[in-house]
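Tertiary structure, described
Now for the letters of each chain:
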Amino acid sequence: MTDVGRVDRILVGVGSALRIFLREPAQLAVLLALPVIVIEGYGYAMTAFPEFPFMRMNVETIGRLSGAIYASAFLPGVMGLFQVISAVQADERLRLCGYDRFELFLVRLATVAAVSLAVAAVSLAVLARTVTVEAPAIAFGALAAAALAYGLIGMLVGAALPRALEGSLVLVFLVDADDFLSSGMVEIDSRLVELFPLYHPHELFQSAVEGTFADGAALATGAYLLVLLSIAALVYVRLTDSRGVLHA
Amino acid sequence: MQNIRYMPNKKNVRRVGDADLDGDVVLRADGIGKTYDSVVPFVGRTVEVLDGASVAIEAGEIVGIVGENGAGKSTLMQILVGALGADSGEVAVDGTIGWCPQDPLLYDRLTVTETFRLFGTAYGMDEEAVTAARDRYAELLGFEEFLDYRIDRLSGGNRQKINLAVGLMHDPDLLLLDEPYTGFDWETYLSFWGLTEQLTEQGTAIAIISHFVSERDRFDRILELTDGTLTDVTDRDPDAAAGRGSGNAGDATTASTEVGAGD
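What to know about the sheet that holds strand β2 (residues 47–58) of chain B
All names here are of chain B. Taken together, 3 strands build an open sheet; the order of strands is β2-β1-β4 and the sheet is antiparallel. Edge positions in the open sheet fall to β2 and β4 (88–93), since each of these has one partner strand only. Direction aside, the axes of adjacent strands within the sheet are offset by 15 degrees on average. As judged from the 9 bridges shared by strand β1 (residues 25–36) and β2, these two strands associate in the antiparallel manner. Within β2, the position partnered with Val-25 by the bridge is Glu-58.

What follows is the structure, given as structure tokens:
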């Protein structure tokens, strides 16, 4: 036995988790195909709608932006869900072998974050083919934030509802409703919408596409992610307590 | 209630003081109780699985735990290893633990080599030690040709070999094995028992959940789990012991025989 450090454990854990993700062809196909289908589909679908004075851009562009946010948020959300419900029993064995719960959470989080960055990059690349993005780095950050937010929400859904079908349906509904209401396609006279996970990433993303920088949205996005991160960490550590995980 | 949690990684293991464990005792459980309640109130049944189960295992000893299907053997083992909390009682352990669960708890899309690396890292083993352990158990249990195979592409028997080897690879002081030879071919089954002899000679304590009456001679002691408590039935007439009829590997005489599953 030697003293294997925490960083080594996390690196080996993340490497293993990414291999597990990349070896599922369906997940890779979704990663590549979903942004194309959703961004183009949303853009095309929106051309049937009239433009209203409160809209900051033309409806087709709003549709594409909304599609980019949706594509970025959905896959990490589902992945976060499956990170919790499918690996929890093997994770429990890994914990008994020496990983502590915080290390396991970091491994799961880093994996979701890596996939979030990948899906955000693909979504931005697809969007940039048809929409001029004035501030690509900020736009990428906004998409990655949307992805990470739903990656964490997926982990929370998995903790509360550890079932693949039901959890996936909840995520489809959540991402869809959140994306639509946060997109600016409809005028909502309520500050409640600002609490939605995708509201501030949407604001930041739209400002990045327009070439302005909504620093308030950036701060709110960061704060929102921190809160989500804290809740997800607490719930994950609680879930992987040694009282009944193997019977979950 | 004292709930001792422990990890095989020696740096993290929580030990009780020598005064708490007598002589060569490496594991002691006293008065373990466990009841499964329905999650939803007023619906489902409350099942009392363990009711004051106690056991002590010494270094170099091999103990069989038998009992009818549903008696609570796997629940007891999960409590001993720290995977499940008990409602009452306490567990004390002095040393590192290796656990082979009944169902392989592995990552399906990792290869065998990657699985050893991941769990070896968890145990605190460096790459050289992991490779040495992997190769040793691959030769002993006969899975050398499958090192680059993904876990989900292995047969049930080979998956179980990996499941067992992961529990053994860090040379623990105490082995807790839940029907470890399910699906093994006859040669591997014999290799397994040869390995347990070597390990006990080195001082490793072993507890095995077993269903096979014919294996009685291989154990120093046999404990039967009935009505939530453990009773020493080592000297009892084998025909009267629980677990009979679940299978009898000792009757098998051909090399192609596969060892069957219990509950």
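Digging into the domain arrangement of chain B
Residue and element names in this part refer to chain B. Per the domain assignment, the segments making up chain B are domain 1 (24–95 + 173–263) and domain 2 (105–172). Regarding the contact of domain 1 and domain 2, the summed buried area is about 1,000 Å², with carbon and sulfur atoms giving 69% of it. Among the residues of domain 1 in contact with domain 2, Leu-175, Phe-184 and Leu-195 are the three that bury the most area, contributing 36% of the side total. Summed over the shared surface of domain 1 and domain 2, the result is 1 salt bridge. For the salt bridge of Asp-185 with Lys-161, the shortest nitrogen-to-oxygen distance reads 3.7 Å.

Observations concerning the pattern of salt bridges
Residues and elements named next belong to chain A. Using the criterion set out here, one finds 18 salt bridges over all chains in the structure. Close ionic contact of Glu-103 with Arg-6 constitutes a salt bridge, the shortest N to O distance being 3.1 Å. Placement of Glu-103 in helix α5 (residues 101–128) and of Arg-6 in helix α1 (residues 6–22) is noted, with a sequence separation of 97 residues between them. A relative accessible area of 4% means that Glu-103 is categorised as buried. Residue Arg-6 is classed as partly exposed on the basis of its relative accessible area, which comes to 40%. Across the pair Asp-91 and Arg-108 runs a salt bridge, and its minimum N-O distance is 2.7 Å.

Some details on helix α7 (residues 164–182) of chain A
Residue and element names in this part refer to chain A. Over its 19 residues, α7 extends 26 Å from the first C-alpha to the last, a length consistent with the 27 Å expected when each residue adds 1.5 Å. Taken together, the buried positions of α7 are occupied by Gly-167, Ser-168, Leu-171, Val-175, Asp-178, Asp-179 and Ser-182. Taken around the axis of α7, the buried residues stretch over an arc of 110 degrees, which confines them to a single face. α7 presents Leu-165, Leu-169 and Phe-173 as exposed residues on the side facing more than 90 degrees away from its buried surface. In this fold, the buried residues of α7 make contact with α2 (25–46), α3 (59–85), α6 (136–160) and α8 (199–210). Immediately downstream of α7, the backbone of Gly-184 shows phi near 90 degrees, a positive value.

Observations concerning the side chain of Lys34(B)
Along the chain, Lys34(B) falls in strand β1. Setting aside anything within four residues of it in sequence, one finds Lys34(B) in contact with Val47(B), Glu48(B), Val49(B), Leu50(B), Thr75(B), Ile79(B), Leu84(B), Gly85(B), Ala86(B) and Asp87(B).

Observations regarding the sheet that holds strand β5 (residues 97–100) of chain B
Residues and elements named next belong to chain B. Taken in spatial order, the 6 strands make up an open sheet running β5-β6-β7-β3-β8-β9, and their pairing is mixed. The open sheet has two free edges, formed respectively by β5 and β9 (229–232), since each of these has just one partner strand. On average, each strand axis in the sheet is inclined to that of its neighbour by 20 degrees, with strand direction left out of account. Where strand β8 (residues 221–226) meets β9, 4 bridges bridge the pair, whose relative direction is antiparallel. Across the sheet, residue Leu-225 finds its bridge partner in β9, namely Leu-230. Of the strands in this sheet, β5 and β6 (174–178) touch helix α4 (residues 156–168), which is tilted by about 170 degrees from β5.

Focus on the packing of α6(A) against α7(A)
Residues and elements named next belong to chain A. One can describe the packing of α6 onto α7 by two numbers: an axis separation of 10 Å at closest approach and a directional angle of 145 degrees. Taken as a pair, α6 and α7 cross one another with a handedness that is right-handed. The segment α6 lies against α7, with Tyr-150, Ile-153, Gly-154 and Val-157 engaging Gly-167, Val-170, Leu-171, Leu-174, Val-175 and Asp-178.

Looking at the environment of Gly33(B)
All names here are of chain B. Considering the arrangement of structural elements, one finds Gly-33 in strand β1. Among the residues examined, Gly-33 registers a relative accessible area of 6% and is labelled buried. For the pair Gly-33 and Thr-229, spaced 196 residues apart in sequence, the C-alpha separation works out to 9.0 Å. Gly-33 has contacts with Leu-50, Asp-51, Gly-52, Ala-86, Asp-87 and Ser-88, leaving out every residue within four places of it along the chain.

What counts and how
- Residues numbered from 1 in each chain as written.
- Chains lettered and ligands numbered in written order.
- Predicted model: local features only at pLDDT ≥ 70, side-chain atom pairs only at ≥ 80, totals over all residues.
- Heavy atoms only, no water.
- Pairing = 2+ DSSP bridges.
- Helix = DSSP H or I, 4+ residues; strand = E, 2+ residues; numbered from the N terminus.
- Axes fitted to C-alpha atoms, helices over the stretch in contact; angles between N-to-C directions.
- Domains from an automatic or database assignment.
- Buried area = accessible area lost by both parts, 1.4 Å probe.
- Salt bridge = Lys/Arg side-chain N within 4 Å of Asp/Glu carboxyl O.
- Buried < 20%, exposed > 50% of the residue type's maximum accessible area, 1.4 Å probe, protein only.
- Expected span 1.5 Å × (residues − 1).
- Arc of directions from axis to C-beta.
- Contact = heavy atoms within 4.5 Å.
- Left-handed = near helix turned anticlockwise from the far one by under 90°.

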